[in-house]
Amino acid sequence: MFKKSLLFNVSEATFARYCKIHTGKSFTELVIEKRIRHAIKLLAHHQKTIKDVAYSCGFNNVTHFNRIFKMHTGLAPKNYQFLLQTNISA
């Protein structure tokens, strides 16, 4: 967040407050949502392992990625990938 606040020439606190006011979400929540959207695209269009997808999306821990992904989609990444593959082949 520090680099983003420098980009707009404001303090980190001001940038965080701006994000919260204008989006209703914290900067961290916005970043996680973007990472999950990217993970969904990778799972849908690439034959990557869950581990590769997690690291490609900026997660340093696969267990944490699995937990966050399930929280946002309702499915574990492996189940999501399986559903996508069965829908494509059907």
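The model shown is predicted, which means the values in this text are computed figures rather than measured ones.

### Here's the deal with the nonpolar core
Right, so step 1: In terms of nonpolar packing, the biggest core is built from 14 residues, with Ile36, Val53, Phe59, Phe65 and Phe69 touching the most fellow members.
Right, so step 2: Those elements that place two or more of their residues in this core are α3 (27-45), α4 (50-56) and α5 (62-73).
Right, so step 3: Ranked by residue count, the leading element in this core is α3, at 5 residues.
Right, so step 4: When neighbours within four sequence positions are excluded, Val53 is seen to be in contact with Ala39, Leu42, Leu43, Lys48 and Phe65.

### A look at the packing of aromatic side chains
Right, so step 1: Following the criterion strictly, the structure yields 3 aromatic pairs and no others.
Right, so step 2: Geometrically, the ring pair formed by Phe69 and Tyr80 is edge-to-face, given 5.4 Å between the ring centres and 80 degrees between the ring planes. Residue Phe69 is located in helix α5, and its partner Tyr80 is located in helix α6 (residues 77-89); the two are separated by 11 residues in the primary sequence. In this pair, the class of Phe69 matches that of Tyr80, namely buried.
Right, so step 3: Put simply, the rings of Phe59, Phe65, Phe69 and Tyr80 pair up and form one aromatic cluster.

### Structural notes on the confidence of the model for the protein
Right, so step 1: A residue-level look at the protein finds 87% of positions with pLDDT of 70 or above and a mean pLDDT of 86.
Right, so step 2: The spread of mean pLDDT over the elements of the protein runs between helix α1 (residues 2-7), the lowest at 49, and α5, the highest at 97.

### With respect to α3
Right, so step 1: For α3, spanning 19 residues, the distance from its first C-alpha to its last is 27 Å, which sits close to the expected 27 Å at 1.5 Å a residue.
Right, so step 2: Here α3 has its buried residues at Phe27, Ile32, Ile36, Ala39, Leu42 and Leu43. Seen end-on, α3 carries its buried residues on one side only, within an arc spanning 170 degrees. For α3, exposure combined with an orientation more than 90 degrees from the buried face picks out Lys34, Lys41 and His45.

So, how was this worked out
- Residues numbered from 1 in each chain as written.
- Predicted model: local features only at pLDDT ≥ 70, side-chain atom pairs only at ≥ 80, totals over all residues.
- Heavy atoms only, no water.
- Core = buried A, V, L, I, M, F, W, Y, C linked by side-chain atoms within 4.5 Å.
- Buried < 20%, exposed > 50% of the residue type's maximum accessible area, 1.4 Å probe, protein only.
- Helix = DSSP H or I, 4+ residues; strand = E, 2+ residues; numbered from the N terminus.
- Contact = heavy atoms within 4.5 Å.
- Phe/Tyr/Trp six-rings, centres within 6.5 Å; stacked < 30°, edge-to-face > 60°.
- pLDDT = per-residue confidence, 0-100.
- Expected span 1.5 Å × (residues − 1).
- Arc of directions from axis to C-beta.

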